[in-house]
Structures are given as structure tokens and as C-alpha cells.
Amino acid sequence: MTKTKMRLVVIGNGMAGIRTIEELLKMSADEFDITVFGAEPQPNYNRILLSPVLSGEMKFQDTVLNDWSWYEENHITLHTGKTVTKIDRVRCTVETDDGIVTPYDRLLIATGSNPIMLPVPGINLPGVLGYRSIDDVEKMLAAAQPGKRAVVIGGGLLGLEAANGLSLRGMDVSVVHLCEWPMERQLDKVGGGLLKEALEKRGLKFYLSRQTDAILGETAVTGLRFKDGEEIAADLVVMSAGIRPNIALAKSAGIHCERGIVVSDTMQTYDPKIYSVGECVQHRGQTYGLVAPLFEQAKVAANHLARYGAMRYEGSSVSTKLKVTGIDLFSAGDFNPVAGDDELLLQDAARGVYKKLVLRDNKLRGAVMYGDTVDGPWYFQMMRDGTDVSGMREHLLFGQMHIGDSGHGGTAAVASMPDTAEVCGCNGVCKGTIVNTIIDKKLFTLDEVRAHTKASASCGSCTGMVEAILANTLGGDYSAKPSKKPICGCTEYAHQDMYKTIRERELKAIPEVMQALEWKTPDGCHVCRPALNYYLLAAWPGEYVDDSRSRFINERVHANIQKDGSYSVIPRIWGGVTTPSELRSIAEIAERYEVPTVHITGGQRIGLYGITKENLPKMWGELVEAGFVSGHAYGKSLRTVKTCVGSEWCRFGTQDSTGLGIKVEQMTWGSWTPHKFKIAVSGCPRNCAEATIKDFGVVCVDSGYELHVGGNGGVKVRVTDFLCKVESEAEVLEYCGAFMQLYREDAHYLDRTAPWIERVGLPYIKRHIVDDEQGRAELYARFLKSQQYSQDDPWRERAEGKEAHEYVALATIG
Amino acid sequence: MNWIQVGKLEDIPRQGSRVVKTATGEIALFRSVDDQVFALNNRCPHKGGPLAQGIVHGKRVTCPLHSWVIDLESGAAIAPDTGCAHRHEVRIAHGALFLEAEAGVCKA
């Protein structure tokens, strides 16, 4: 059967247009006949890397994103060196300067932008160039002879990169700029001043607050005259006074344009058959000149072209990093404070470091950093997430390393890490491998890095570091993870909305969710199914039937798989307190099953290792007989409640920490949570149970109980945040249950409490758990209700025959 | 061909898998959501992970050890990973499962 394909014509063979095609091919590879027109003679290349080509740090070949064969392999008709001169919206055709007429069903305009050429005399002289294409770069390189003089008009990001490149090529370079300091759109006066000094040390000359009156020369450029009459000599003039969306074609076709081609949140122009993406568009009054927004737009446009209709583009916040080797500069958001904003400043002239943060209503509004930019991506993420930073304000300026008392996060340190340092411990991937793969394979997103290097593809605890490496390697080109990102490739829905959507639309089974929310795959994948299973379980306690087919192996068989395919068995030992008779039972069972390794775990329990799968149910039966239940050491669930001996024995003990720990464990065991959840109760501030690196920690004091939340002792050590102090054990139980329930309802699946709290901010937690008495009581009630259905011991059920097929072979042959 | 009956379709849960032990190693049988059955050597081409313990989705299975995704029809790892968990022929007749114990060549 031959189906008539839709005809998609793309005007513009640049990054935005081709990225849209790539996204479209991912979604529906066969639906379109695609034709691409490019005015430049090259295949699609990475325009952002023009500066390294100019400076000699890269070759053009390294910047090609899609070579000729890519177009062939994907059956895309490519016309390079052809300019589309006419769009006939009635007949739905486009026409080129040399007379090719191509019909379309859908049209995508991605014509990008043009450099602004100042309307001054002499602008058309040979030797006056824009800075926008590889062609411009080649002309500049041809003119760039050591010792000759270049003048760059425009001291913005691009102008400075051009100036730096020409200077590295041995030219004598001056920068002319209208404002008092360079890069005034990204930097304040102080930051701009530091940048100017650094560039002057590298040999650039600055003419600031100057306006060009005329470009001088008879047959070729010889110099430049300012409005104040001063003249300087030049053999080459580069115009970099900004860009202007290239809208001439769209305008001539009668498509509504203002500064750019006006598009809606679906990237459609006023003509619904015509889409537009990239630097030529104007969306909600904004135009963009950086690559990250283009990629977000491409995703949305492709989604609608493929008729999924699920996404909206809601604008981008952008950050900037200057690509001049050896100069560290980062800027994002709104960094000029207005009345009511707070400004945090750090200036260390000797180290050449300057940082400015602008806060409004306890949220980050903008950041300018010079000299030390490792925390840029961290600030930017908090800006996008709207994190309440009041809790960390005193330390905010010093960066992520200084939040909390211990080695925090580690993400900030990536810039200074050596290439040989291991980033992903699970898969043994070093920083150098990641950086090289990002450059060689031209990767832009976390998912791509995961696919190609396996870094952060297993336990995910190094995700922050990998993202920081990505951001550091790509600078402003990094399409930072949007604050809402789809759960996986099967859907456009993000974790954020899933619990709420499931509740509000009363979706009660995985297939129902997938149908209602238009999943793109028939039955999801290993990423979204466990997530949906968790959200449904949390949303409908007692009602939703756990889908074992959507559980990772450990949770499906209620034991931890080991590297040789055997399993570990860890029975629950309440509060870490046991008896000789319990120990005897464990010892006898271990001997009977010839357990090769018996290990005391970090959570005050006993782990039996090397158990074959067939033996699990039988062994559990014997443990259940001896009075044990599952320790859930394999689950995203309550693990242990660690305790010290407290006032019962310890001469420093202030409260009965052991007894309280047992009560807490009896209340919380069996609960499923977004990720594993650990609790500890220490009997005094000496804190022998290490309560301040647990998800929920209690430190007993003479007058009551201090509650701490969000600690983590794993890869990234994080000390808890102090939540509040309460007076009775009953209150400890209520706050603990309410906190766990808030975490269960609010966090994304696979978020530990630490990153969750860092995202929403401690004040958010306090508002719900400490300040709102009624809200707390309701959370606690919901937690207890859900617990009614989750404290059936899975080991007992399986010892009695449930899911027996999981534990035995189907057949033995041969 | 040497067809051996190993069980019934209903012995394998939908979106699940079971293992058949042979003298030369384990074979994993998978049942997709639309009741097709596939068989592969129960060893991930990456580090030998037991594929039968993975999550089955579409006509794919994800290895439980390091999340490699293997195509059930060909046994090949999904790009950019490369490798093959050799497939076996399997037939369903009147609800009974027949397995060819010899591994096929890699299609990928």
C-alpha cells in the first residue's frame, strides 16, 4: 500500500530548521517528504563554533552537524546555494531565484537572522564584513594577515569573539562600542570593566562610548572616523552591531511580522500551514539569538508537525558564556536590580573574581559572574526552578560547595576536575571521555550523553555532574534541562504533573494513563512504566493493584540482584534491636542454605548474600516462621530506622531513642516512596545514629526532639536541613508521616529527598509541615491510610506461593 | 530443526519472561503485550546480565544490570550500543510453546 506522504518544505538549512527535522524524524520517520532549501552552499553546520574556527582552535569540518550523507540516508531533498524568493500561499508553493517551484503541505521557515550593517558611508567598501556565516569567516581569514589592523564595530558577545579570533591570528585589533563597557546586555559595569581589562591584556584596544560616523577608503577600506572627528586606520572592518531577524521573505508573502515572524506557542505563524523556528521568529514579544531556545522551539514545532499536539513553547530563559579561551564569564537573567530587589556582591580584585546575584522575593532573578563561573549552571537552574533561596542566603555567593557543612554536591567542582577523574562510578566513565564524546559526537543533551557514554545511565547519582560537564563544555549552547522535561521518549508529560494529573483525571491503571495522555509507544518503556506504577500506587492506595511487570527486578522479586545473578536477603530488624533467639534463627537458616557471606549492613541489620532465586521463597518462609518480615533493602521504600541505645543505657542519652526508632519503623515500614528513604534516631546531640545524613533524622535533646530532613550519605554527602523542634514522641510520628507523605506526593519518581528539597527549597517544606497545622494533619492522615494497605509482608505472601513463576525455571532441556 | 515443547503460553506473564535451562546455558522466553513470544540467550551482550529479569516493553527488553535495550526480534542491542544476544526460534501451536535450542545467527 502506498500512502501519499505530506510534503514538508523547510526554508533554511541552519541549526533551527534541521534540528526540527531531526526531532520530527524521531517521532514519525515516514510521514513526510522533506525538501530543504539553504542559501549557503554548505550542509548544516554549528554556527556557534564560528569563533573557534576564526581563532584557529577548530576547523570547519569539525563544525558540520549533518553531512551530505545524512540528508541522503533520511531521503531529504536538499537544495544548497538556492535562495527562496517567493512563497505562494494560495497555491502552497515556494519558488527559488533560479526558478525551482516546489509545492508544500506544511512549510517551515527557518531563515535565521542577518547582521545589522550600520547605514554609514563606506559600508559597501571591500574589506567591510559581517560576522554571521562560514563565508564571512573565510573572507576574514583571507584578510587576516599578521600585523594588519582590524576594527570590530560592536562590543557584544559575537563582536568580542571575532576580535579575539582575529587577534589570535596575529592582527592588531580594535573594538568600537557605543556603550561605556563591553557586553552591556550581559554584564553590569563592574563585570564589563573586568572583561575589558582582561582583553586589553591580550592586546585588544577599546574605543568605548564612540559612534562610527563613516568608513573611510577609496577602493578598499583604509580607516574609520568617529562622530567626534577622530580617525583610526583599518585594513579590515567587521560589523557586529547585532542581528536582525530575517523576515523579508515571510513579509513579502503577507505573513504577519513585527520585529520577527510572529508565532504562537505552537510555533505556527498566522498562516496555520506555515511554521517558523529560530532566530527569525518573535514569540510573546521576544526574539532569541542563542541556540538553547532554538532547540526547545524545534521540539515543539516537530511535535505539532507530527500531529501529536502535546507541547507548547512558553519562552526560554537564557544564559550566556563567552567563548574566549581563558576568560570565564557567565551571565543569566535580570541582573540590574530594581527597587525592592536585593543585590549580593562579591569582589576579589586580586583573584580577578566578581559575582553579583540579584534576588527578588527570595528567588534568584539574575546572575553575573566573572573569573569564577563554576556555579553558573547551578544558579541558572535555581533561577528556572524558582527555588526559594532564603534558607541558604548567607552562603549563596560562595557557591554550591559551601551550602551545608560537608562536601556538598560535587557538581560545582567539575570544572576543576582532571580528565582522568571518574564521574560515573557505575559504568566507569571518566570526565575526559565525556568531554571528548560531547565534542566528537556533537552532543547537546543529557540523554545523548547517556546514550553514547553510559555516564549517569545507571543509578543516576552523577546526573548533576554530567549536566555540569555538559554545560561547561558547551557554554551558553547547552540546552539546559527545561524545568519541565518529559519522563522519557514515550511521552511529552513531565514528572511534575503526573501525580496531580492522575489524581484529577481519576486515572487508575497504566494502560489508562497511557491512553488518556497519548503515549507514543504501545506499552511504555523501562523508564516510564516504573514511574507510572509508583504514581498510581501513591495516588490510589488500596485501590491500585501493583503491576509487577512495571517493577525493576529487585522490587519484583523482593530481593537485591547481585553481580553473579544471585540475590541477597536482609530481614527487618526493628530499630536495630535483636535478641539471641532471633540471631540463632538467622544463623541456623544461613547454615541450612549454606549462605556464603553473612554481612552486618550499614543500617544495623544482617545481610545474607549469594542466595539462588529458587531458594528465596523457601528461605523467606523460614524467616517468617522465626518472626521476621522483609527488610525492603531492595526497594524504593522505607529502608531502616537506625538508632543508638539512648537513655536506656547511655550515660549521655536524653530520650529513649531505641524505643522511638522502633515505633517510627513500625509506622513507616512497607511504604513505597519515590526513592529509598532512610531514617535514624539519635539519643543525644553526639548523634551516634548519624541522623543528620538521613532522609528524616531525629536528634533527641533534653527538652524534646530536633527534626532534620533531606540528608544523604551516598555519592553526594548532604547534611540535613533543620526542620523544627517538637516536644513529644507523638509529634515526631506525626511530622515524620506528614513529611514522608509530602515527599511521596510532591517529589519526582527517583528523586531522593536531598535533590527534591534543593529544588523546592526548605521554606516550602516548612510551610507545609511546620506552619500549616491542618495541612500537616491531613498529610499524616493520608500517610496512615496508605499504610493500611502496604504492610502486608511480601515475603510471607511469596513463601505462601504468590508469583511462584518468578522463582522457578519454565523447563529444563538438553 | 529440533523443536522441543517447553510449556504453555499462559506460563509466561504478559510483558514478562521465563527461563529455560539447557546444558549450554539459559534461554529467556519473552511474551510481549500483544502475546507474541520471543526467545534469546539469557545473557546481555554487555556484561552478561540476565535479560529474563528485565522490563519487557514493546518488542524490547531492558537489561536489569546497566539498562541496555535489546530488540527481541533480532537479539541486537539498540543503537548506539552494539552487540547481540542470539535469538532462538519459537513457535506457538494450540497454546503450547515450542523452542529451537540452537541459537540463530544475528540478524543485526
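It should be emphasised that the depicted structure is a prediction, and the values quoted were computed from it without experimental measurement.

Here we take up the overall build of chain B. Assigned secondary structure in chain B consists of zero helices and 10 strands. Mapped from its N terminus to its C terminus, chain B presents α and β elements in the order β-β-β-β-β-β-β-β-β-β. Considering chain B as a whole, with its 108 residues, one finds that 46% of them fall into the buried category. Of the contacts formed within chain B by residues at least 6 apart in sequence, a portion of 44% connects residues at least 24 apart.

Secondary structure assignment for chain A yields 25 helices and 37 strands. Counting over 814 residues, chain A shows a buried share of 48%. Long-range contacts, defined as pairs at least 24 residues apart, comprise 63% of the intrachain contacts of chain A with a sequence gap of at least 6.

This paragraph deals with the sheet that holds strand 7 (residues 69-71) of chain B. All names here are of chain B. The three strands are arranged 5-6-7 in an open sheet whose pairing can be described as antiparallel. The open sheet is flanked by strand 5 (55-57) and strand 7, the only strands paired with a single partner. Neighbour to neighbour, the strand axes of the sheet diverge by 25° on average, direction disregarded. Relative to strand 7, strand 6 (residues 60-62) is paired through three bridges, and the arrangement is antiparallel. When the sheet's bridge partners are listed, Arg60 is paired in strand 7 with Asp71.

What follows deals with the sheet that holds strand 15 (residues 231-233) of chain A. Residues and elements named next belong to chain A. Taken in spatial order, the three strands of this open sheet run 13-14-15, and their pairing is antiparallel. The open sheet is flanked by strand 13 (212-216) and strand 15, the only strands paired with a single partner. Recorded for the sheet is a direction-independent mean angle of 20° between the axes of neighbouring strands. Pairing of strand 13 with strand 14 (residues 223-226), which is carried by four bridges, proceeds in the antiparallel orientation. Pairing of Ala214 across the sheet is with Arg225, part of strand 14.

Moving on, we get to helix 13 (residues 463-474) of chain A. Residue and element names in this part refer to chain A. Helix length check: helix 13, at 12 residues, gives a terminal C-alpha distance of 16 Å against a target of 16 Å (1.5 Å per residue), a fit within 8%. Among the 12 residues that make up helix 13, 11 are buried, leaving the element largely enclosed by the rest of the structure. Taken as a whole, helix 13 has its buried residues at Thr463, Gly464, Met465, Val466, Glu467, Ala468, Ile469, Leu470, Ala471, Asn472 and Leu474.

Let us look at the interface of chain B and chain A. Contacts between chain B and chain A engage 26 residues on the former and 26 residues on the latter. Considering each element in turn, the side of chain B that touches chain A owes the most residues, six residues, to strand 2 (residues 16-22) of chain B. Counted by class, the side of chain B that touches chain A contains 13 nonpolar, 10 polar and three charged residues. Relative to strand 2 of chain B, strand 37 (residues 811-812) of chain A is paired through two bridges, and the arrangement is parallel. When the bridges of strand 2 of chain B are listed, Ala811 of chain A appears paired with Val20 of chain B.

Let's shift gears to the pairing of strand 3 (residues 25-31) of chain B. Residue and element names in this part refer to chain B. Of all seven residues in strand 3, five are buried, a share of seventy percent or more. With seven bridges joining them, strand 2 and strand 3 adopt antiparallel strand pairing. Bridging across to strand 3, Gly16 finds its partner in Arg31. Counting the residues that bridge the hairpin from strand 2 to strand 3 gives two residues. When strand 3 meets strand 4 (residues 37-41), the two strands line up antiparallel, connected through five bridges. Across the sheet, the residue bridging to Ala28 is Leu40, located in strand 4. Linking strand 3 back to strand 4 in an antiparallel pair, the connection comprises five residues, with Asp35 at a positive phi of about 70°.

Residue and element names in this part refer to chain A. Ranked by size, the top nonpolar core spans 66 residues in total, and within it Ile261, Val277 and Val466 carry the most contacts. In terms of residue count, the dominant contributor to this core is helix 8 (residues 291-305) (nine residues). Not counting residues up to four positions away in its chain, the partners in contact with Val466 are Val423, Ile434, Leu446, Val449, Ala455 and Ser456.

For the peptide bond that leads from Ala79 of chain B to Pro80 of chain B, omega is 5°, which places it in the cis range. With respect to the element layout, Pro80 of chain B can be found in the loop between strand 7 and strand 8 (87-88). Although it is not a glycine, Asp361 of chain A sits at a positive phi angle of roughly 50°. Within the secondary structure, Asp361 of chain A sits in the loop between strand 24 (353-360) and strand 25 (363-370). Since 11 C-beta atoms lie within 10 Å of it, Asp361 of chain A is described here as exposed.

All right, on to the pairing of strand 24 of chain A then. Residues and elements named next belong to chain A. Bridging between strand 23 (residues 342-348) and strand 24 involves seven bridges; their strand directions are antiparallel. Each bridged residue has a counterpart across the sheet, and for Asp348 the counterpart in strand 24 is Val353. Turn length for the strand 23-strand 24 hairpin, with the two strands adjacent in sequence and antiparallel, is four residues, and the turn residue Gly352 shows positive phi of about 70°. For strand 24 and strand 25, the ladder comprises seven bridges, and the chain directions are antiparallel.

Turning our attention to helix 11 (residues 431-440) of chain A. All names here are of chain A. Within the span of helix 11, buried status applies to Lys431, Ile434 and Ile438. Down the axis, helix 11 shows its buried residues gathered within 65° of arc, on one side only. Turning to helix 11, the residues buried within the fold contact strand 26 (422-424), strand 27 (429-430), helix 12 (446-453) and helix 13. Of the residues flanking the end of helix 11, it is Lys442, one or two places downstream, whose phi is positive at about 55°.

Moving on, we come to the environment of Lys299 of chain A. Residue and element names in this part refer to chain A. Inspection of the secondary structure assignment puts Lys299 in helix 8. Given 24 C-beta atoms within a 10 Å radius, Lys299 is considered buried. Excluding its chain neighbours within four sequence positions, the residues that come into contact with Lys299 are Glu23 and Met311.

Before going further, it helps to spend a moment on the packing of helix 11 of chain A against helix 12 of chain A. Residue and element names in this part refer to chain A. Running from N to C, helix 11 and helix 12 point in directions that differ by 115°, and their axes come no closer than 10 Å. Taken together, the axes of helix 11 and helix 12 lie roughly perpendicular to each other. Crossing of helix 11 against helix 12: the hand is right-handed. Of the residues in helix 12, those touching helix 11 at Thr433, Ile434, Thr437 and Ile438 are Val449, His452 and Thr453. The residue inventory of the contact of helix 11 with helix 12, partitioned by class, reads three nonpolar, four polar and no charged.

As a further point, take the confidence of the model for chain B. For residues with low pLDDT, the predicted coordinates do not support detailed interpretation. Scored by pLDDT, chain B has a mean of 89; 95% of the residues are at 70 or more. Interface confidence for the predicted complex, expressed as ipTM, amounts to 0.93; the pTM equals 0.68.

Reading the values: rules and limits
Residues numbered from 1 in each chain as written. Chains lettered and ligands numbered in written order. Predicted model: local features only at pLDDT ≥ 70, side-chain atom pairs only at ≥ 80, totals over all residues. Helix = DSSP H or I, 4+ residues; strand = E, 2+ residues; numbered from the N terminus. Buried ≥ 20, exposed ≤ 12 C-beta atoms within 10 Å, placed from the backbone. Contact = placed C-beta atoms within 7 Å. Pairing = 2+ DSSP bridges. Axes fitted to C-alpha atoms, helices over the stretch in contact; angles between N-to-C directions. Expected span 1.5 Å × (residues − 1). Nonpolar A, V, L, I, M, F, W, Y, C, P; charged D, E, K, R; others polar. Core = buried A, V, L, I, M, F, W, Y, C linked by C-beta atoms within 7 Å. Arc of directions from axis to C-beta. Parallel < 35°, antiparallel > 145°, perpendicular 65-115°, else oblique. Left-handed = near helix turned anticlockwise from the far one by under 90°. pLDDT = per-residue confidence, 0-100.

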